[in-house]
Amino acid sequence: MQYWLMKSEPDEVSIDDLAKAPKQTVPWFGVRNYQARNYMRDQMQVGDLVFFYHSSCPEPGIAGIAKVSAPAHTDDTQFDVKSPYYDKASKKDSPRWACVDVKFVQKTDLMSLDQLREHKALEGMIVLKRGNRLSITPVSAPEWKFIAKKLMGVDLAA
DNA sequence: GCCAACGTTGGC
DNA sequence: GCCAACGTTGGC
């Protein structure tokens with residue numbers, strides 16, 4: 001069981017879109033970076049928990065929680081000529097790109113990038129590192145617990 | 001829309 | 001296998 005942070009552009013798939021999706025589940029299509037693909041293909045397991053992060057938007061930050069609901073499988077968009085994720089170099093008999101399925105768990109108050117940066121406990125987070133562009137990054141158990149506690153709200157903890 | 005950072009491509 | 005050029009990411 002591991003923890004992850006997955007970036008999505010809310011214009012494409014937001015936490016609300018995930019909540020409204022059939023079975024509240026979407027395939028995490030469109031990853032075209034080998035390291036991120038390898039995380040999905042080699043390390044992610046069903047049941048792993050995910051911070052759903054909104055990127056490239058007015059308020060970047062963690063917007064909710066999801067979980068991995070299916071192991072890595074072929075990303076169909078690589079063969080779709082009309083998709084922005086089409087990859088003409090990918091062969092049907094040896095697909096280059098894979099993705100897991102992700103299922104909605106809950107929406108949370110946004111924990112913004114600025115807020116994430118405020119906490120010493122989170123300074124090691126990969127997503128906060130200068131120049132980081134990886135769309136999928138592992139989250140340590142202490143980081144997960146720290147953030148989850150904030151997201152669940154001070155009121156509930158009191 | 002800018003641009004720093006960094007991954008990928010392709011010529012050699 | 002080096003590395004310059006190019007393309008993409010993503011915060012601002």
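Provided above is the structure to which this section pertains.
Conventions used here
Counting of residues starts from 1 at the beginning of each chain's written sequence and follows it residue by residue. Written order decides the labels, with chains lettered from A and ligands numbered from 1. Owing to the predicted nature of the model, reporting of local features is limited to residues with pLDDT of at least 70; listing and counting of side-chain atom pairs is limited to 80 or more, with chain, interface and lining totals taken over all residues. Each side-chain value is derived from all of the structure's non-hydrogen atoms; neither hydrogens nor water enter the calculation. Two strands pair under a simple rule: DSSP has to find at least two bridges between them. For the purposes of this entry, the term helix denotes a DSSP run of H or I that reaches at least four residues, the term strand denotes a run of E that reaches at least two, and both are numbered from the N terminus. Axis definition: a line fit to C-alpha positions, over the contact stretch in the case of helices; interaxial angles, taken between N-to-C directions, run 0 to 180 degrees. Only heavy atoms matter for contacts: two residues are in contact if any of them lie within 4.5 Å across the pair. Whether two aromatic rings pair depends on their centres lying within 6.5 Å, for rings of Phe, Tyr and Trp, where Trp uses its six-membered ring; planes under 30 degrees apart make the pair stacked, over 60 edge-to-face, and the rest tilted. Each residue is placed in one exposure class: buried if its accessible area under a 1.4 Å probe, protein chains only, is under 20% of its type's maximum, exposed if it is over 50%, and partly exposed if it falls in between.

**Q** In this structure, what is going on with the sheet that holds strand β5 (residues 98-112)? I would like to understand it.
**A** Each strand in a sheet pairs with another by means of backbone hydrogen bonds, the pair being arranged parallel or else antiparallel. Pairing in this open sheet of 6 strands is mixed, and the strands run β2-β5-β4-β3-β1-β6 from one edge to the other. Each edge of the open sheet carries a strand with a single partner, namely β2 (25-27) and β6 (136-139). Direction aside, neighbouring strands of the sheet carry axes that sit 35° apart on average. Bridge count for strand β1 (residues 3-8) against β6 is 4 bridges, and the pairing is antiparallel. In the strand pairing of β6, M6 is matched with I136. Those strands touched by helix α2 (residues 34-43) are β1, β4 (61-74), β5 and β6, and its axis lies near 55° from that of β6.

**Q** Please explain the packing of aromatic side chains as it appears in this structure.
**A** Under the criterion given, the structure shown has 6 aromatic pairs. Between W28 and F52, the aromatic rings sit 5.6 Å apart at their centres with planes inclined by 85°, giving edge-to-face as the arrangement. Here F52 lies in strand β3 (residues 49-54) and W28 lies in the loop between β2 and α2, a separation of 24 residues in the sequence. The residues W28 and F52 share a single accessibility class, namely buried.

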